[in-house]
2 protein chains.
Amino acid sequence: MTIYDIAEKCGVSIATVSRVLNGSSRVSAKTKEKILLVMKEQNYQPNPFARGLGLNSMKMIGVLCEDVSDSFYATAISLIESYLRLIDWNVILGCTGRGSGLKYKHLQFLMEKHVDAIIIIGTPFNHTKDLDYLKNVAKKRPVIMVNSYIKHNNIYGIICDEETGMSDIVGKLAEKGCKSVLYLYDSLTYSGRQKLTGYKKGIATHKLDENPLLQNKINRSLEDVEQTVKKLIEQNVYFDAVVTSEDLLAIGAQRAILQMGKNMPIVGCNNSLLAQCATPMITSLDNQLEILCREAVELLTKLMNDKEVPSKMIFPAKLYQRESFIYA
Amino acid sequence: MTIYDIAEKCGVSIATVSRVLNGSSRVSAKTKEKILLVMKEQNYQPNPFARGLGLNSMKMIGVLCEDVSDSFYATAISLIESYLRLIDWNVILGCTGRGSGLKYKHLQFLMEKHVDAIIIIGTPFNHTKDLDYLKNVAKKRPVIMVNSYIKHNNIYGIICDEETGMSDIVGKLAEKGCKSVLYLYDSLTYSGRQKLTGYKKGIATHKLDENPLLQNKINRSLEDVEQTVKKLIEQNVYFDAVVTSEDLLAIGAQRAILQMGKNMPIVGCNNSLLAQCATPMITSLDNQLEILCREAVELLTKLMNDKEVPSKMIFPAKLYQRESFIYA
DNA sequence: TTGTACGCGTTATCAT
DNA sequence: ATGATAACGCGTACAA
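The following refers to the structure shown. Chains are numbered independently. Their residues run from 1 in the order of the written sequence. A letter from A marks each chain and a number from 1 marks each ligand, given out in the order of writing. The predicted nature of this model means local features are confined to residues of pLDDT at least 70 and side-chain atom pairs, given and counted, to a pLDDT of 80 or more, with totals for whole chains, interfaces and linings taken over all residues. Working from all heavy atoms in the structure, the side-chain values ignore hydrogens and water.

Notes on the protein's contact with DNA strand D
We call a residue near a molecule or strand when any one of its heavy atoms sits within 4 Å of it. With respect to spatial proximity, 28 residues lie near DNA strand D, and among them I3 and Y44 of chain A together with S13, R19 and R26 of chain B are the closest. Each atom of DNA strand D within 4 Å of the protein was assigned to sugar, phosphate or base; sugar and phosphate come to 63%. Pairs of N or O atoms within 3.5 Å make up the polar contacts considered here, provided that, within protein, one atom can donate a hydrogen while the other can accept it, and that residues adjacent in sequence are counted only when both atoms are side-chain atoms. Take R51 of chain A: an N or O atom from its side chain is 2.9 Å from a phosphate oxygen of DNA strand D. In this structure, S13 of chain B approaches DNA strand D through a main-chain N or O atom, which is 2.8 Å from a phosphate oxygen. Of the residues that constitute the surface near DNA strand D, the class distribution is 15 nonpolar, 10 polar and 3 charged. Just so you know the grouping, Ala, Val, Leu, Ile, Met, Phe, Trp, Tyr, Cys and Pro go in nonpolar, Asp, Glu, Lys and Arg go in charged, and all remaining residues, Gly too, go in polar.

Printed below as a string of structure tokens:
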């Protein structure tokens, strides 16, 4: 079934069929009706490749993340897919992995499909190769970064102010009387750097213990966190609260602390389902993904309609207080 | 940059350029070299839509699931994407949501993009509208169902034998001396039915308590499970072990049980990260997603090469024993 | 209101 | 080994 077949069956030209197909301009009600009928009868579907060739678009957005199996990325992609779906856009998914210097390959892969835009979710572009390629991509297509940002023409950032969020947490801990806040993180993405900065600022502002031993970069695994925390306690490194860049780290830390017979406030980040699965439930800083993703898609549609958009939007984080925040 | 530009710059015809582009047939080493050089210089990339139009394929696979933000689906999609990526196929993602009678819309959406095949991850097609459309899809494109199956021409199933897995679990509990095993589940997908059947068979085989109050369908939420389990205990419904269709349910159940001052073996399903975040860590039945997904992609490539493939493949499940299995 | 004809960038089938 | 040219199916400017 092509547009020619439909045209023939209706005794009209393909132009007319194309017109009703695209709801454009004036077509007599009668012919329109007939064409619609035949299209339905024949179950006609325009060929997307031909259409793409003519319009230079197949209404597809490339969405890139490091790893969909991570709940943070998964949630974001779920949200973005559903929002895009509402306005008839498809998502082509790309998972880069956490390695450096290989992300550009995935961008390339998406660009080869002529996606109309690229949405990147919290993925670091530190390696020169990756970064250069990304900037080249931006010359051809808009790039929207969710919870990450790189200042460059045609790259837009929609981020959560986790820095303030984190620094506020430290403030609350200080109010509670905590003096030494342990910070555990696993990677320095844009978001990761924000949180670390927030932690440091919080510590400085509230004149808390600045012991460098209290800042630990570790792997994102329960075993590693537990081991690290236990070791710190065994080595008598004093701390009376824990903040982490990730719920999983907070969970591991909490487990280790309880096992060592201690107790103190613990705060994670990302407010994932994991946080609620731990006992006691983990207090967590929510980066408001739902808002970020909605705004990302909103911004995209504005861009497509040549409207003006801000290059950077910042939304506040929100703390979800749960049991782990209560000093026992 | 089109194939014409490249041809012109090289003083050859587009046919020759196309030949080197597709590595086909014989081209003199010299011209080939020159063409490759110019292509690199000009950063030439063939237009995917034009190519799609000619070949009637853009090497894209539609992948459908209910909800990527669910860790089971997320893991599956992550695996499938990476396997497909290795052989240069793109993933178009579709998330249907858990509603019935709307999934066909999403299939339609994918089919409109002329994907070469569809992979469906554990998504139920109970509603007639959905099912009929799915069967129609199968007339045009191969459909591969991961952890689900519908017997039909051109639909292939790659499933995990969770029925046996579940029934074996009940057996192990019986060996431990348990008499009344509570079963909690949240949905009757293909996989969900398998597990329920496995549970019933296990109960029957080992002559355990068949009290219908021990089979509870509930919402997938921590609050609901906790409430349900507490109510059962308060109503003096006796049970001495819990099995659930989902890790999350097991976690909620465990929490309620501990809070009520009891203790017993608890087993979840899907072996997600959640299971490890609970304390005690939840024993879980792993449906071997990695194997299923790898085989799904393998099967797909065979299909594309017109090789014979089985319509259904079944792999065994695997129990990961953790703390929650130890009767305290 | 409707039709004609061309362009979109490939691949593939013929010739040469 | 290479070139000319016909599909592929659609959108659209222009003509009627």
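Quick word on the environment of V170 of chain B
Residues and elements named next belong to chain B. On the secondary structure map, V170 appears in helix α8 (residues 162-175). Judged by relative accessible area, V170 falls into the buried class, the value being 0%. Through-space distance from the C-alpha of V170 to that of S180 is 9.8 Å; in sequence the pair is 10 residues apart. In this analysis, two residues are considered to be in contact whenever any of their non-hydrogen atoms come within 4.5 Å of each other. Contacts of V170, omitting those with residues within four sequence positions, involve Y199, G202, I203 and L208. Only runs of H or I of at least four residues qualify as helices and only runs of E of at least two qualify as strands under DSSP, and these elements are numbered from the N terminus. The cut-offs for exposure are 20% and 50% of the maximum accessible area for each residue type, with area from a 1.4 Å probe on protein chains only; residues under the lower value are buried, those over the upper are exposed, and the others partly exposed.

A look at the pattern of salt bridges
Opposite charge on two side chains permits pairing when their charged atoms draw close. Salt bridge, as applied in this entry: a Lys or Arg side-chain nitrogen positioned within 4 Å of an Asp or Glu carboxyl oxygen. This model, assessed by the stated rule, comprises 22 salt bridges over all chains. A salt bridge links E162 of chain B to K195 of chain B; the nearest nitrogen and oxygen atoms lie 3.9 Å apart. On the criterion of sequence distance, the pair formed by E162 of chain B in helix α8 and K195 of chain B in helix α9 (residues 190-205) is long-range, its members being 33 residues apart. A single burial state applies to E162 of chain B and to K195 of chain B, both of which are buried. Three or more residues joined by partner-sharing salt bridges are found here, namely E66, D67, D70, R98, K103, D186, R220 and E246 of chain A.

Considering the interface of chain A and chain B
The partner chain B presents 48 residues to the 48 residues of chain A that form the contact. Carbon and sulfur atoms supply 62% of the area buried between chain A and chain B, which totals about 4,400 Å² over both sides. For the pair chain A and chain B, the number of links is 0 salt bridges. Joining chain A to chain B, the criterion identifies 19 residue pairs in polar contact (both at pLDDT 80 or more). Counting residues per element, the ones that place at least two in the side of chain A that touches chain B are α4 (48-55), α5 (71-86), β2 (90-95), α6 (103-111), α10 (222-234), α11 (247-259) and α12 (273-277) of chain A. As a working definition, buried area equals the accessible area (1.4 Å probe) given up by two parts on being put together, with both sides summed.

Re the pairing of strand β9 (residues 266-269) of chain B
Residues and elements named next belong to chain B. Along β9, one buried face is formed by I266 and G268 and the opposite face, lined by V267 and C269, is buried too. Note that strand β8 (residues 241-244) and β9 share 2 bridges and pair parallel. Of the residues in β9, the one forming a bridge with V243 is V267. Handedness of a crossover is defined as follows: with both strands directed away from the viewer, a clockwise route from the first strand across the helix to the second makes it right-handed. As for the winding sense of the linkage, the β-α-β connection from β8 through helix α11 (residues 247-259) to β9 is right-handed. Pairing between strands requires that DSSP locate at least two bridges from one strand to the other. Judged from the 3 bridges that link them, β9 and strand β10 (residues 283-286) form a sheet pairing that is parallel.

Thoughts on the packing of aromatic side chains
The geometry of an aromatic ring pair comes down to the distance between the two centres and the angle between the two planes. Note on ring pairs: Phe, Tyr and Trp rings are taken, using the six-membered ring of Trp, and paired if centres are within 6.5 Å. Classes follow the plane angle, with under 30 degrees stacked, over 60 edge-to-face and the rest tilted. Taken as a whole, this structure holds 8 aromatic pairs over all chains when the rule is applied. Ring centres 5.5 Å apart and planes at 65 degrees place the aromatic pair F72 of chain B and Y73 of chain B in the edge-to-face group. Neither F72 of chain B nor Y73 of chain B differs from the other in exposure class; each is buried. Residues Y183 of chain B and Y185 of chain B carry aromatic rings whose centres are separated by 5.6 Å and whose planes lie at 20 degrees to one another, so their mutual orientation is stacked. In this pair, the class of Y183 of chain B matches that of Y185 of chain B, namely buried. Put simply, the rings of Y183, Y185 and Y199 of chain A touch in pairs and so form one group of aromatic residues.

Notes on α6 of chain A
The element α6 of chain A is largely enclosed, with a buried count of 7 among its 9 residues. Turning to α6 of chain A, its buried residues are K103, Y104, H106, L107, F109, L110 and M111 of chain A. Those residues of α6 of chain A that are buried are in contact with β1 (60-65), β2, β3 (117-121) and α7 (128-140) of chain A together with α5 (71-86) and β2 (90-95) of chain B.

What to know about the side chain of N271 of chain A
Residues and elements named next belong to chain A. Within the secondary structure, N271 sits in the loop between β9 (266-269) and α12. A polar contact of 2.8 Å, which involves the side chain of N271, links it to the side chain of D286. A distance of 2.8 Å separates the side chain of N271 from the side chain of R322, its partner in a polar contact. Each residue touching N271, except ones within four places of it in the same chain, is listed here: D247, S284, L285, D286, Y320 and R322.

Side note on the nonpolar core
We call a set of buried residues a nonpolar core when its members are Ala, Val, Leu, Ile, Met, Phe, Trp, Tyr or Cys and they connect through side-chain atoms within 4.5 Å of each other. F239 of chain A together with F239 of chain B are the most contacted members of the largest nonpolar core, which has 89 residues in total. A76 and A117 of chain A together with I61 and C160 of chain B belong to the second largest nonpolar core, which has 70 residues in total.

Considerations on the environment of A253 of chain A
Residues and elements named next belong to chain A. Assignment of secondary structure puts A253 in helix α11. Judged by its relative accessible area of 0%, A253 falls in the buried class. Every residue in contact with A253, bar those within four places of it in the chain, is listed here: L184, V225, V229, V242 and I266.

Re the relation of the copies chain A and chain B
Rotating chain A by 180 degrees and translating it 0.1 Å along the rotation axis places it on chain B, where the RMSD comes to 0.1 Å. The relationship between the two copies is best expressed as a two-fold rotation axis. A shared interface surface links the copies, since 100% of the contact residues of chain A are contact residues in chain B too. The least-squares superposition of copies is restricted to C-alpha atoms, and to residues with a pLDDT of at least 70 in both copies.

Considering the pairing of strand β1 (residues 60-65) of chain B
Residue and element names in this part refer to chain B. Counting buried positions along β1 yields 6 of 6 residues, so the element is predominantly enclosed. Where β1 meets β2, 6 bridges bridge the pair, whose relative direction is parallel. Its bridge partner lying in β2, V63 is registered against L93. In this fold, β1 hands off to α5, which returns the chain to β2; that crossover is right-handed. As defined by bridge partners, β1 adjoins strand β3 (residues 117-121) across 4 bridges and the pair is classed as parallel. Its bridge partner being in β3, G62 is matched across the sheet by I118.

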